[in-house]
Amino acid sequence: MSKIEVKSLSVSFGSHQVLRDINLTIPDRQIVAIIGPSGCGKTTLLKSLNRLLDLNEDVSVAGDIFVDGENIYAPGMDVTVLRKKVGFLPQRPYPLPMSIFQNVAFGPRIHGLDASRGASDEKAEKKDMSALVEHYLRLAGLWEEVKDRLHAPAAKLSIGQQQRLALARVLSIEPEVILADEPTSALDPISAKLVETQFRILKKDYTIILVTHILRQARRLGDYIVFLYMGDLVEHEPAAQFFSSPRDEKTRAYINGEIS
Ligand SMILES: Nc1ncnc2c1ncn2[C@@H]1O[C@H](COP(=O)(O)OP(=O)(O)OP(=O)(O)O)[C@@H](O)[C@H]1O
Ligand SMILES: [Mg+2]
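Draft legend 1. Representation of the layout of surface pockets within the structure. Volume-wise, the largest pocket comes out at about 460 Å³. In terms of lining, the largest pocket is formed by 19 residues, of which the most central are Phe88, Ala166, Arg169, Val170 and Ile173. Sorting elements by how many residues they give to the lining of the largest pocket places helix α3 (residues 100–111) first, with five residues. In terms of residue class, the lining of the largest pocket is built from nine nonpolar, six polar and four charged. One number sums up the size of the second largest pocket: a volume of about 150 Å³. In terms of lining residues, the second largest pocket is bounded by Thr184, Ser185, Leu187, Asp188, Pro189, Ala192, Lys193, Glu196, His213, Ile214, Gln217 and Arg220. Where the lining of the second largest pocket is concerned, the elements lending two or more residues are α7 (189–202) and α8 (215–221). A total of four residues in the lining of the second largest pocket trace back to one element, the largest contributor, which is α7. Within the lining of the second largest pocket, the residues separate by chemical class into four nonpolar, four polar and four charged.

Below you can see the structure in the form of structure tokens.
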């Protein structure tokens, strides 16, 4: 089943066109890896999927993107609702200047996802929020490492732990799609592996779209591969086919390390 349909998407910054006529179907509950050389438009494509591109003043976007059949570029689309459904995990973690606990509780409080909303009993409310925070820290694979210091500042965590905390924060707003832009590029190999492990577990319930410039990571994680080259979508298909019998000469050259 498809989760997202990209139809004739073109994106320019000022007069510089960076994506040309992209047509793409993104399957539900798989890991989709977007790969390609630096500057080919990976981040731009990723950010088009929850309208984060709108934050650029000189951007122009043509074409349509449907998430669960709904055109997210249609007038009247509620971008806040969209960004809750399609969460974004950036390359580097930016924890809020608060405790580990408060970082995870922040989203549910803002979005009113707190199960105890409306509860008059303050103690019950605290208990429910604690359960939520534990739940999301477990989903992000961080719980065991932080359960004894939930009220310590998040900034004290290692970068690898902070990135999993960032993942817990994305998960805490209950998205259906997770956009991840080179989420392990700032991490040491062991931390990177922990994030990869969580993605493999999470894809059972979430559609994960991962930008990576590491071909080996795309091989390890990707169920479906999207290959961009200088703003064009060269090839997109299930990973097995992509790596074993690429259709396009450019894909073959990229896989073999002849172009980078
Ligand atoms: N806000 C912006 N304003 C102007 N040009 C931009 C902007 N963002 C990206 N670009 C340009 O668009 C092109 C694609 O950029 P993008 O960041 O999508 O590439 P990328 O594939 O993610 O590259 P990298 O692997 O280096 O992260 C580049 O030429 C870049 O310079
Ligand atoms: Mg990028």
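Draft legend 2. Examining unusual backbone geometry more closely. If you check the backbone angles, aspartate 21 has positive phi at about 45° while not being a glycine. As for its placement among the helices and strands, aspartate 21 is situated in strand β2 (residues 16–27). Residue classification places aspartate 21 among the partly exposed residues on the basis of a relative accessible area of 47%. Look at arginine 29: it is not a glycine, yet its phi comes out positive at around 50°.

Draft legend 3. Seen up close, the packing of helix α4 (residues 122–139) against helix α6 (residues 159–171). One can describe the packing of α4 onto α6 by two numbers: an axis separation of 8 Å at closest approach and a directional angle of 125°. With respect to α6, the element α4 is oriented oblique. Of the two possible hands of crossing, α4 and α6 adopt the one that is right-handed. Residues Tyr136, Leu137 and Leu139 of α4 touch α6, and the partners they reach there are Leu165, Ala168 and Leu171. Of the residues that constitute the contact of α4 with α6, the class distribution is six nonpolar, no polar and no charged.

Draft legend 4. View of the nonpolar core. If you look at the biggest cluster of nonpolar residues, it comprises 35 residues, and the most contacted ones within it are Ile100, Leu137, Leu165, Leu171 and Phe199. Of all the elements in the fold, those that place two or more residues in this core are α3, α4, α5 (143–146), α6, β7 (177–181), α7 and β8 (207–211). No other element matches the six residues that α6 contributes to this core. Here leucine 165 is in contact with Pro95, Ile100, Asn103, Val104, Leu137, Leu142, Ala154 and Leu157, once residues within four sequence places are set aside.

Draft legend 5. Broad picture of empty space enclosed by the protein. For the structure shown, the criterion picks out one cavity of 30 Å³ or more. For the largest cavity, the calculated volume is near 30 Å³. Glu182, Pro183, Thr184, Ser185, Thr212, His213, Ile214 and Gln217 are the residues that line the largest cavity. For the lining of the largest cavity, a count of residues per class yields two nonpolar, five polar and one charged.

Draft legend 6. Molecular detail of the pairing of β8. Within β8, five of the five residues are buried, leaving the element largely enclosed by the surrounding structure. Side chains Thr207, Ile209 and Val211 project from β8 onto one buried face, and the interleaved Ile208 and Leu210 project onto a second face that is buried too. Looking at chain direction, strand β3 (residues 31–35) and β8 are connected through four bridges and run parallel. When the bridges of β8 are listed, isoleucine 31 appears paired with isoleucine 208. In the sheet, β7 pairs with β8 via five bridges, with the strands oriented parallel. Looking at the pairing, alanine 180 lines up with leucine 210 of β8. Between β7 and its parallel partner β8, the chain crosses via α7, and the hand of that crossover is right-handed.

Draft legend 7. Main features of the site of ligand 1. Taken together, the neighbourhood of ligand 1 is formed by 13 residues, with Ser38, Gly39, Lys42, Thr43 and Thr44 sitting nearest. Residue serine 38 places a side-chain N or O atom 2.5 Å away from an oxygen atom belonging to ligand 1. Glycine 41 places a polar main-chain atom, nitrogen or oxygen, 3.0 Å from an oxygen atom of ligand 1. Within the complex, 63% of the 630 Å² of free accessible area of ligand 1 lies under protein. Elements with a contribution of two residues or more to the shell around ligand 1: β2 and α1 (42–48). Considering every element that reaches the shell around ligand 1, the biggest residue donor is α1, with three residues. By residue class, the composition of the shell around ligand 1 is four nonpolar, seven polar and two charged.

So, how was this worked out
Residues numbered from 1 in each chain as written. Chains lettered and ligands numbered in written order. Predicted model: local features only at pLDDT ≥ 70, side-chain atom pairs only at ≥ 80, totals over all residues. Heavy atoms only, no water. 1 Å grid on protein atoms, 1.4 Å probe; cavity = no way out; pocket = protein on both sides within 12 Å on 5 of 7 lines; lining within 4 Å. Points joined across faces, edges and corners; volume = space filled by probe spheres on them. Helix = DSSP H or I, 4+ residues; strand = E, 2+ residues; numbered from the N terminus. Nonpolar A, V, L, I, M, F, W, Y, C, P; charged D, E, K, R; others polar. Buried < 20%, exposed > 50% of the residue type's maximum accessible area, 1.4 Å probe, protein only. Axes fitted to C-alpha atoms, helices over the stretch in contact; angles between N-to-C directions. Parallel < 35°, antiparallel > 145°, perpendicular 65-115°, else oblique. Left-handed = near helix turned anticlockwise from the far one by under 90°. Contact = heavy atoms within 4.5 Å. Core = buried A, V, L, I, M, F, W, Y, C linked by side-chain atoms within 4.5 Å. Pairing = 2+ DSSP bridges. Right-handed = clockwise from strand over helix to strand, strands pointing away. Near = heavy atom within 4 Å. Polar contact = N/O pair within 3.5 Å; in protein donor to acceptor, adjacent residues only side chain to side chain. Areas by Shrake-Rupley, 256 points an atom, 1.4 Å probe, with all protein chains shown as cover.

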